Amino acid sequence: MRVIPAVILILACGLLLADIVVLEDGRVLSGKIVEEAEDSIKLQTKLGAVTVGRDRITEILTEKELNERYQKRLAEVGDDPESLLELAKWCKKYDLTEQ
């Protein structure tokens with residue numbers, strides 16, 4: 001029955017979305033982009049607003065892009081428990097477990 005928690009997590013991933021900012025050091029920030037400038041972005045997170053210089057950002061994913069990646073991964077998973085676990089880990093990395 002270890003598959004059940006992974007399935008619940010995967011179902012939650014499709015419902016809980018935010019903009020994602022991936023930093024050059026590997027950290028991932030989750031929230032809503034509320035302001036964009038040429039050299040920075042402002043992200044409203046659960047803990048407050050944070051401004052990040054674009055030179056520190058490796059990737060920005062919008063809700064739509066993140067959802068498209070999730071849907072593509074979900075379609076490729078099938079019912080293999082290991083693949084479900086990998087998808088659950090991916091969801092956790094992109095903070096899709098609790099918004």
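First things first, this report covers the structure right here in the doc. (Residues numbered from 1 in each chain as written. Predicted model: local features only at pLDDT ≥ 70, side-chain atom pairs only at ≥ 80, totals over all residues. Heavy atoms only, no water.)

1. Structural notes on the pattern of salt bridges
Defined as follows: Counted as salt bridges are all cases of a side-chain nitrogen of Lys or Arg within 4 Å of a carboxyl oxygen of Asp or Glu. Put simply, DSSP H or I for four residues or longer makes a helix, DSSP E for two residues or longer makes a strand, and each gets a number counted from the N terminus. For the exposure calls, accessible area comes from a 1.4 Å probe over protein chains only, and a residue counts as buried if that area is under 20% of its type's maximum, exposed if over 50%, partly exposed in between.
Under the defined criterion, the tally for this structure stands at five salt bridges. Of the charged contacts, one joins glutamate 36 and arginine 54 as a salt bridge, the two residues approaching to 2.9 Å between their closest N and O atoms. Residue glutamate 36 is found in strand S2 (residues 28–36), and its partner arginine 54 is found in the loop between strand S4 (48–53) and strand S5 (57–61); the two are separated by 18 residues along the sequence. Accessibility expressed as a relative area gives 29% for arginine 54, which makes it partly exposed.

2. As for the environment of threonine 51
Filter applied, for reference: Residue contacts follow a heavy-atom distance rule, with two residues in contact if any of their heavy atoms lie within 4.5 Å.
If you trace the backbone, threonine 51 turns up in strand S4. In this structure the C-alpha to C-alpha distance between threonine 51 and valine 34, which are 17 residues apart in sequence, comes to 9.9 Å. Leaving out residues up to four positions away in the same chain, threonine 51 has contacts with Ser40, Ile41 and Lys42.

3. Let's talk about a negative patch on the surface
Going by this rule: Patch definition: residues above 30% relative accessible area lacking any salt bridge, with like charges linked at up to 9 Å and the nonpolar side chains Val, Leu, Ile, Met, Phe, Trp and Tyr linked at up to 5 Å. For the accessible areas, the method is Shrake-Rupley and the probe is 1.4 Å, while residue cover comes only from the protein chains on display. Charged-residue counts in this description rest on Lys and Arg as positive and Asp and Glu as negative, His and the chain ends being excluded. All charge positions are set by atom: Lys at NZ, Arg at CZ, Asp at CG, Glu at CD.
On the surface, Glu24, Glu38, Asp39 and Asp55 cluster together to form a negatively charged patch. If you trace the backbone, aspartate 39 turns up in the loop between S2 and strand S3 (40–45).

4. Some thoughts on helix H2 (residues 63–77)
For an α-helix the count is 3.6 residues per turn, leaving residues at separations of three or four pointing the same way. Rules: What a helix should span is 1.5 Å times the count of its residues minus one. The arc in question is the one traced by the directions running from the helix axis out to the C-beta atoms.
With 15 residues, H2 should reach 21 Å at 1.5 Å per residue; the first-to-last C-alpha distance of 21 Å fits that figure. Listed as buried for H2 are Leu66, Tyr70 and Val77. Down the axis of H2, the sector holding all buried residues measures 35 degrees, keeping them to one side. Facing away from the buried side of H2 by over 90 degrees, the exposed positions are Lys64, Lys72, Ala75 and Glu76. Of the residues flanking the end of H2, it is glycine 78, one or two places downstream, whose phi is positive at about 70 degrees.

5. Some points on the nonpolar core
Which entries qualify depends on this criterion: In this text, buried Ala, Val, Leu, Ile, Met, Phe, Trp, Tyr and Cys residues form a nonpolar core when linked through side-chain atoms within 4.5 Å.
One finds Ile20, Val22, Leu61, Leu66, Tyr70, Val77, Leu84, Leu87, Trp90, Cys91, Tyr94 and Leu96 forming the largest nonpolar core, which totals twelve residues. Of all the secondary-structure elements, those providing two or more residues to this core are strand S1 (19–23), H2 and helix H3 (81–93). Tallying contributions element by element places H3 first for this core, with four residues. Excluding its chain neighbours within four sequence positions, the residues that come into contact with leucine 61 are Ala18, Asp19, Ile20, Leu66, Arg69 and Tyr94. The next biggest cluster of nonpolar side chains, apart from the first, holds six residues, and it includes Val21, Leu23, Ile41 and Val52.

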